[in-house]
Amino acid sequence: MIVLLYCLYAVCHLLVGGAVSPEFSFKCGALLLVYMACRVVVPPTVFLCLVAAGGIYEAALGVLQIVGAAETASPLFGITGSFFNPGPYAGFLAMSVLCALSLGRICLRQKIKGWRAIFAVCVLSAAFMAAVMIVANSRASILALGGGVLWYLWYRFKDMINWKHTLIAGVTLSVVIVCLYLYRKDSANGRLLVWRVSADMVFDAPLFGHGIGSFDKEYMIYQGEYFGENPDSGYVQVAGYTKFPYNEFIHIAAEQGVMGLVLLILVICTALYNASKTSDYGACLGSIIVGWIVFACFSYPAEVFVLKGVFAGVLGLSGRRYGEKIAGMQYVFLGIMSVVVVCLGIEAHKWKGEKMEMIKVMAMIDRKVIGKEALADYVKDNLDKLRREQYVYDRCVLGLCALSGDADEVEGYLDYVSVSCLNYCAIGDLYRRDAQFDVAEDYYLRAHNMIPTMITPVSALFRMYRNKGDSTKAAVYARKVLELPVKIENTKTIKARREAEKYAEPK
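**Q** I'd love a proper account of the overall build of the chain, names of residues and values included.
**A** Broken down by element type, the chain carries 22 helices and zero strands. The C-alpha atoms of the chain give 26 Å as radius of gyration, which agrees with the globular expectation for 507 residues (23 Å, within 12%). For the C-alpha atoms alone, the extent of the chain along its principal axes is close to 85 × 50 × 50 Å. Considering the chain as a whole, with its 507 residues, one finds that 46% of them fall into the buried category. A separation of at least 24 residues holds for 72% of the contacts in the chain among residues at least 6 apart in sequence. In the form shown here, the chain has an accessible surface area of approximately 25700 Å², with 64% of it arising from carbon and sulfur atoms. Within the chain, one finds 50 positive and 43 negative side-chain charges whose respective centroids are separated by 11 Å.

Given below as structure tokens:
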């Protein structure tokens, strides 16, 4: 009932928030179907076996990527499995390790046929996946695995634990957390910055939040305001473009408010309570839930469909009463959900074809083979579709900005462009070409506050003042370009510094 209440609350948020892509609707329906299937018909051993098998496959793929026999999903990382980033990849491996250990424990407890061989396979598989997980270099996954194991140990031996064991475990955990923080201090400080700025978002809309999907659209505004008020903050060097808050509970609080956060916490608490009432599977299911929660405190599993599927499945399994007869209405609801998901899948497939058409237009923009008039007509005729895919919408509108010299032609579209440093610079360029220098300056300054170490907005301000003939301000920003402590030197920063250095040279 709490899961249903949370789903209804989320649906109300989506209805108020506006357009939702069919792909998003299909994924939400599929997750609810996974929950219902595990709640009604899927045995725990089958679910745990599927997740563990997926983890073995991902670990094997990771080994192939390490030795150069397979390509990673991103050239920036040496190991990603089939994921886009080592973080969620390692998180899935952590969940798979917990599932493999749980499966081995269940087989050991029930003494099923061939249980010794199955137990050995589970332990060896868990060790293999854990080794690859460590190589993936994700601190959140290490904490998740440790949290899940500690929960299992506490659950099984809670009657034997005294204050000395608690003290030793607390000190050990504190030392591990400090070591992981110091291991990659800049990355950890980056998370602290995101949490600090996200707190401002929560306080501005504490009850119902800013709306589902709003974090990506509004966070950078708050980060710009934070650095505008705190230009000497110690977080300046770790600031960057952020799409995720690296904490799902903060994410829920920012987008769905305290109401959504309380409902989610109630779902988790009832799942752990229900799991504790199941003698055969309680400790195992609880360890997986706790591992997922710990990972969610430092990463973004809600952005990865597979990780959300694991969470939905474990919640469903924890809600079952094993050995009791399943009510007929549960089968009816499961059948209805299956039909709904199939219909949503058909719509998502159609939408995929429409996305391919939009991507073709993006390719035409990149190749500069589409004119201003044709692009303006396309944006106008497909506005509803484009707004369901924010990235495509941004590319089309910013491409129109690059082709247009009149801000009035595209001004109506700019309110829906996602907020980022580069996007604001592109909009500022449009107003600068239209000789609306005050508006352009405002966009450049807001872009600079978002990421103070990015050279693009500072260089844009320098060029604008130079072209205006304002030598005083041009000289000020030329020095800023030369002195700016950027995080990464590349061709763009080198070119900008040379241009500023040439201007700053005495005539």
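Having seen it, we continue.
**Q** Could you give me a rundown of the confidence of the model for the chain, with the residues and numbers involved?
**A** In this model, the chain carries a mean pLDDT of 87, and residues with pLDDT of at least 70 account for 96%. At the low end of the mean pLDDT range in the chain sits helix α7 (residues 163-183), at 78; at the high end sits helix α3 (residues 44-66), at 93.

**Q** I'd love a proper account of the pattern of salt bridges, names of residues and values included.
**A** Inspection of the entire model under this criterion finds 11 salt bridges. Among the ionic pairs, Asp200 bridges to Arg196, the shortest N-O distance being 3.0 Å. Taken as a pair, Asp200 and Arg196 lie in helix α8 (residues 185-204) at a separation of four residues, close to a single helical turn. Take Asp200: its relative accessible area is 23%, and that puts it in the partly exposed class. Of the charged contacts, one joins Glu347 and Lys350 as a salt bridge, the two residues approaching to 3.8 Å between their closest N and O atoms. Taken together, the positions of Glu347 and Lys350, both in helix α13 (residues 328-366) and three residues apart, correspond to about one turn of that helix.

**Q** So what's going on with the packing of aromatic side chains? Residues and values would help.
**A** In this description, a pair of aromatic rings is defined by centroid distance and the angle of the planes. Evaluation of the coordinates by the stated rule reveals 14 aromatic pairs. Aromatic pair Tyr246 and Tyr300: ring centres 5.6 Å apart, planes at 75°, arrangement edge-to-face. Here Tyr300 lies in the loop between α11 (282-296) and α12 (305-318) and Tyr246 lies in the loop between α9 (215-229) and α10 (248-276), a separation of 54 residues in the sequence. Judged by its relative accessible area of 24%, Tyr246 is partly exposed. Centroid distance Tyr424 to Tyr443: 5.1 Å. Interplanar angle 75°. Geometry classified as edge-to-face.

**Q** Now, about the side chain of Ser418: what can you tell me, with residues and values included?
**A** Looking at the element boundaries, Ser418 is found in the loop between α17 (407-414) and α18 (421-433). Exposure remark for Ser418: the relative accessible area of 7% places this residue in the buried category. Every residue in contact with Ser418, bar those within four places of it in the chain, is listed here: Gln390, Asp394 and Asn423.

**Q** Explain the packing of helix α21 (residues 471-483) against helix α22 (residues 491-504) to me, and be specific about the residues and the numbers.
**A** Look at α21 against α22: their axes get within 9 Å of each other, and the N-to-C directions meet at 135°. One finds that α21 runs oblique with respect to α22. When you trace α21 past α22, the crossing you get is left-handed. Every residue of α22 that contacts α21 at Ser471, Ala474, Ala475, Ala478, Val481, Leu482 and Glu483 is listed here: Ala496, Arg497, Ala500, Glu501, Tyr503 and Ala504. When its residues are assigned to classes, the contact of α21 with α22 shows nine nonpolar, one polar and three charged.

**Q** Now, about the environment of Tyr181: what can you tell me, with residues and values included?
**A** Relative to the assigned elements, Tyr181 resides in helix α7. Separated by 42 residues in the primary sequence, Tyr181 and Arg139 have C-alpha atoms spaced 8.6 Å apart. Once residues lying within four places of it in the same chain are set aside, the contact partners of Tyr181 are Arg139, Ala188, Asn189 and Leu192.

Conventions and cut-offs
Residues numbered from 1 in each chain as written. Predicted model: local features only at pLDDT ≥ 70, side-chain atom pairs only at ≥ 80, totals over all residues. Heavy atoms only, no water. Helix = DSSP H or I, 4+ residues; strand = E, 2+ residues; numbered from the N terminus. Rg over C-alpha atoms; globule rule 2.2 N^0.38 Å. Buried < 20%, exposed > 50% of the residue type's maximum accessible area, 1.4 Å probe, protein only. Contact = heavy atoms within 4.5 Å. Areas by Shrake-Rupley, 256 points an atom, 1.4 Å probe, with all protein chains shown as cover. Lys, Arg positive; Asp, Glu negative; His and termini not counted. Charge placed at Lys NZ, Arg CZ, Asp CG, Glu CD. pLDDT = per-residue confidence, 0-100. Salt bridge = Lys/Arg side-chain N within 4 Å of Asp/Glu carboxyl O. Phe/Tyr/Trp six-rings, centres within 6.5 Å; stacked < 30°, edge-to-face > 60°. Axes fitted to C-alpha atoms, helices over the stretch in contact; angles between N-to-C directions. Parallel < 35°, antiparallel > 145°, perpendicular 65-115°, else oblique. Left-handed = near helix turned anticlockwise from the far one by under 90°. Nonpolar A, V, L, I, M, F, W, Y, C, P; charged D, E, K, R; others polar.

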